[in-house]
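# Structure assessment
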Amino acid sequence: MKSRTKAVTDTAHGSTATATTHCDDLAKALEAFRDHGPLIERWGTELARRLGAGARLLVAGNGGSAAQAQHLTAELVGRYRDDRPPFSAVALHADTSSTTAIANDYGVQEVFARQTAAHGRPGDVLLLLSTSGASANLLAAADRAHRLGMTVWALTGRAPNPLQLGADDALCVDAPLGATVQELHLVAVHMLCEAFDQAVDRGEADHWTADTGADDRADADADTGDGPGGGGERRAEAERVARGRRGLDGRPDAGGGSGAGVRPGVDGRPSADGGSGADGRPGVDGRPGADGKPGVVGRLVGRARTVGRAAPGAPAAPRKGHT
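Residues numbered from 1 in each chain as written. Predicted model: local features only at pLDDT ≥ 70, side-chain atom pairs only at ≥ 80, totals over all residues. Heavy atoms only, no water.

Further remarks concern the overall build of the protein. From N to C terminus, the protein includes eleven helices and five strands. Each of the 323 residues in the protein was classed as buried or not, and the buried ones make up 33%. Counting contacts in the protein only where the partners sit at least 6 residues apart, residues at least 24 apart contribute 56% of the total. Per element, the accessible surface of the protein, about 18,900 Å² overall, is 53% carbon and sulfur. (Helix = DSSP H or I, 4+ residues; strand = E, 2+ residues; numbered from the N terminus. Buried < 20%, exposed > 50% of the residue type's maximum accessible area, 1.4 Å probe, protein only. Contact = heavy atoms within 4.5 Å. Areas by Shrake-Rupley, 256 points an atom, 1.4 Å probe, with all protein chains shown as cover.)

This is the structure in structure tokens:
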């Protein structure tokens with residue numbers, strides 16, 4: 001009896017030792033991981049600037065890394081801690097119909113590259129997560145992103161690895177086990193969200209602070225009145241145009257104008273001249289036009305009222321439940 005009890009105790013101690021070893025590995029890797037803090041902060045600030053200027057974040061990974069990627073996009077589209085505006089972030093693997101169709105028609109290597117080509121634009125960011133840093137479908141996506149003028153970031157395991165070398169910037173976790181790498185990738189995701197939110201709070205996500213090109217800077221100058229040529233001219237032109245436009249409810253604006261073409265507003269109301277639009281057609285709310293004919297909605301409503309009605313003198317159609 002004592003021998004059996006000792007064997008059970010040894011087995012339990014062995015399990016505890018294994019679990020403790022896992023924690024020890026994580027703690028050891030975490031100490032070295034702290035050195036990546038400045039890189040993650042830089043990523044968060046840059047991401048806030050780009051997404052604030054209208055760019056998009058695309059994220060991809062395989063297996064557990066796919067879960068980490070989707071975790072990140074959920075935090076950006078939703079919120080991390082405090083409430084803030086949503087930002088555009090897409091986990092490419094989450095569209096199962098696209099991934100399976102692409103894998104079936106073009107091969108597994110293309111599942112992320114083709115979606116990157118579909119959704120990515122110059123100035124967007126592609127973030128790829130891989131414990132090995134050697135997944136062929138992620139490497140293909142990185143190559144496609146570079147061709148499109150996108151920036152590629154990578155979260156990987158130990159360096160050097162192919163994905164690290166193929167990315168513009170990479171955070172490589174120095175840990176021997178894939179499980180530990182993934183756990184620290186989650187830490188990186190949360191730190192990135194923290195840095196992102198802090199940048200948003202500082203105003204880094206404001207459109208005019210993002211250095212995305214001359215067009216954006218010109219728009220910023222127009223809004224503030226600064227810059228060569230002066231924003232005053234643009235504002236004056238905008239005011240002149242606005243005086244000739246109608247409000248969203250179709251009524252004339254403060255300037256009294258009804259807009260070029262005297263078309264009705266979005267609620268279908270007639271323009272200032274009492275007509276129903278330059279072509280005499282009714283508005284979208286179904287009110288009669290100048291010719292007295294009902295509008296689109298009016299016709300649809302009238303048709304709906306007659307559906308199922310029997311013609312005069314015809315036998316009534318049987319109702320459901322009566323034979």
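Here we have five strands laid out as an open sheet, ordered 2-1-3-4-5, and parallel in their pairing. At either margin of the open sheet sits one strand with a lone partner, and together these are strand 2 (89-91) and strand 5 (169-172). For this sheet the average axis-to-axis angle between neighbouring strands, irrespective of direction, equals 15°. Contacts from helix 6 (residues 136-148) reach strand 1 (57-61), strand 3 (125-129) and strand 4 (151-156), with the element oriented near 165° to strand 3. (Pairing = 2+ DSSP bridges. Axes fitted to C-alpha atoms, helices over the stretch in contact; angles between N-to-C directions.)

Right, let's get into helix 5 (residues 111-119). Residues of helix 5 that are buried: Val111, Phe112, Ala113, Gln115 and Thr116. Buried-residue contacts for helix 5 involve strand 1, helix 4 (96-106), strand 3 and helix 6.

Moving on to the pairing of strand 4. Burial analysis of strand 4 places six of its six residues in the buried class, which makes it a mostly covered element. Where burial is concerned, the two faces of strand 4 agree: the one with Thr151, Trp153 and Leu155 and the one with Val152, Ala154 and Thr156 are both buried. Bridge count between strand 3 and strand 4: five bridges; the pairing is parallel. Across the sheet, residue Val125 finds its bridge partner in strand 4, namely Thr151. Between the parallel pair strand 3 and strand 4, the chain is carried across by helix 6, and the sense of this crossover is right-handed. (Right-handed = clockwise from strand over helix to strand, strands pointing away.)

Here we come to the confidence of the model for the protein. Mean pLDDT for the protein: 75, with 59% of residues reaching 70 or above. Low pLDDT (under 50) marks residues 208-287, which in the prediction has 101 contacts with non-local residues, meaning those over four places away or in another chain. In this model residues 314-323 is a low-confidence stretch, pLDDT under 50, and it forms one contact with partners more than four residues away in sequence or in other chains. (pLDDT = per-residue confidence, 0-100.)

The subject of this paragraph is the packing of aromatic side chains. Here the structure, examined in full by the defined rule, presents two aromatic pairs. Seen in terms of ring centroids, Trp43 and Trp153 are 4.8 Å apart; in terms of plane orientation they differ by 0°. Their pairing is stacked. Residue Trp43 is found in helix 2 (residues 37-52), and its partner Trp153 is found in strand 4; the two are separated by 110 residues along the sequence. Judged on exposure class, the residue Trp43 and its partner Trp153 are both buried. With 5.0 Å between their ring centres and 85° between their planes, Phe87 and Phe196 make a pair best called edge-to-face. Placement of Phe87 in the loop between helix 3 (64-77) and strand 2 and of Phe196 in helix 8 (residues 178-201) is noted, with a sequence separation of 109 residues between them. Residue classification places Phe87 among the buried positions, given a relative accessible area of 11%. With a relative accessible area of 0%, Phe196 lands in the buried category. (Phe/Tyr/Trp six-rings, centres within 6.5 Å; stacked < 30°, edge-to-face > 60°.)

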